[in-house]
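# What the coordinates show
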Amino acid sequence: MTSSPEESVESLVLHATDNGVSWITLNRPEAMNAVTWDQRERVIALLADASADPGVRAVVITATGKGFCAGADLRGAPAGRAEPVAGDVARTIRLGAQRFVAAVLDCEKPVIAAVNGVAAGIGAHLAFACDLVLAAESARFIEVFVRRGLVPDGGGAYLLPRLVGPQRAKELMFFGDALSAADAERMGLVNRVVATEELEKTAREWAGRLAQGPTRSLALTKQLVNASLDTDRATAFAAEAAAVEIAMTTTDANEGVASFVERRTPEYRGR
């Protein structure tokens, strides 16, 4: 059965590029933006496109309606075998939720989450994987898995301890209580909480600043920070030295040095 135009994946994940910013908007407000298989694949593809496109210099992920993403909606996923065998579920997680979160972590452009409402399960992890998180006052974050007797997927047990420490991470995951935007900000899960009507404006301001920055240097910085908690000091220092050398070969680094010497504002081109 084919989808009607109203139900096409392009209409369920809106996309636009504006002033160097790729806007990815989940658009199933009636389902609180629970993400389907097709939506997930489109978001992954759009993030890969953003990495490869020199005209894209920042990404914003947001949603319509009152929900940012209420978790996974498995409707539309490829049919599994009639009698599942050991390994099927693990493979589904690797190719699904983990790919989804990894696409954000591995995107070569800075990614902002503009969380407009409830972010639950994989929706919360989608936000936490972003480089910067803006949240409307009405936003809520819920580690919903324990409520269903499940183990957190989509990298939750990897992301949360790195953001808030193991004790806080276990508190959130063991109880599954809704976390307000203000509490999430105090815990370090959110960079800034803004009034709901100011969310898009603030996201545009932040993304605009990033889009005017030295894009390749930002990508290298993102890689260093994301890897920092997984490596020893010698490995981290070696990666830093290599990243600095790579950055120094870019046009933007030359512009940054020249602008300093000439006492003017740099004009970065993302190259």
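Above this text you will find the structure in question.
In what follows, the accompanying structure is described.

### A closer look at the sheet that holds strand β8 (residues 140-142)
- With mixed pairing, 4 strands are arranged side by side in an open sheet as β4-β6-β8-β9. Of all the strands in the sheet, the pair left with one neighbour each is β4 (67-69) and β9 (179-180).
- Alignment of β8 against β9, held across 2 bridges, turns out to be antiparallel. Looking at β9, one finds that R140 is bridged to S180.
- The sheet strands contacting helix α5 (residues 122-129) are β4, β6 (118-120) and β8, and the helix crosses β6 at an angle near 100 degrees.

### Digging into the environment of L126
- Along the polypeptide, L126 turns up in helix α5.
- Taking the C-alpha atoms as reference points, L126 and Q167, 41 residues apart in sequence, are found 21 Å from one another.
- Those residues in contact with L126 that lie beyond four places of it in its chain are L26, I61, F68, F100 and V104.

### Topic: the side chain of N33
- The topology assignment puts N33 in the loop between β2 (21-26) and α2 (37-52).
- Given the relative accessible area of 0%, N33 is considered buried.
- One polar contact links the side chain of N33 to the main-chain carbonyl oxygen of G67, over a distance of 2.6 Å.
- Here N33 is in contact with L26, N27, R28, A63, T64, G67, F68, C69, A70 and G71, once residues within four sequence places are set aside.

### Here's the deal with the packing of aromatic side chains
- Enumeration according to the criterion identifies 1 aromatic pair in this entry.
- Each ring, one from F128 and one from F141, has its centre 5.5 Å from the other, and the planes form 25 degrees; the classification is stacked. In this pair, F128 sits in helix α5 while F141 sits in strand β8, placing the two residues 13 residues apart along the sequence. Taken as a pair, F128 and F141 share a single burial class, namely buried.

### Looking at helix α4 (residues 97-106)
- For α4, the complete set of buried residues consists of A97, F100, V101, A103 and V104. What you see down the axis of α4 is that its buried residues fit within an arc of 150 degrees, all on one side.

### What to know about the pairing of strand β3 (residues 58-63)
- The element β3 is extensively covered by neighbouring structure, given that 6 of its 6 residues are classed as buried.
- Burial of the side chains of β3 extends over both faces: A58, V60 and T62 are buried on one face and V59, I61 and A63 on the other.
- When β2 meets β3, the two strands line up parallel, connected through 6 bridges. Of the residues in β3, the one forming a bridge with L26 is A63.
- You can see the chain leave β2, run along α2 and come back into β3, and the turn it takes is right-handed.
- Pairing between β3 and strand β5 (residues 111-115): 3 bridges, direction parallel. Across the sheet, residue V59 finds its bridge partner in β5, namely V111.

Cut-offs and rules
- Residues numbered from 1 in each chain as written.
- Predicted model: local features only at pLDDT ≥ 70, side-chain atom pairs only at ≥ 80, totals over all residues.
- Heavy atoms only, no water.
- Pairing = 2+ DSSP bridges.
- Helix = DSSP H or I, 4+ residues; strand = E, 2+ residues; numbered from the N terminus.
- Contact = heavy atoms within 4.5 Å.
- Axes fitted to C-alpha atoms, helices over the stretch in contact; angles between N-to-C directions.
- Buried < 20%, exposed > 50% of the residue type's maximum accessible area, 1.4 Å probe, protein only.
- Polar contact = N/O pair within 3.5 Å; in protein donor to acceptor, adjacent residues only side chain to side chain.
- Phe/Tyr/Trp six-rings, centres within 6.5 Å; stacked < 30°, edge-to-face > 60°.
- Arc of directions from axis to C-beta.
- Right-handed = clockwise from strand over helix to strand, strands pointing away.

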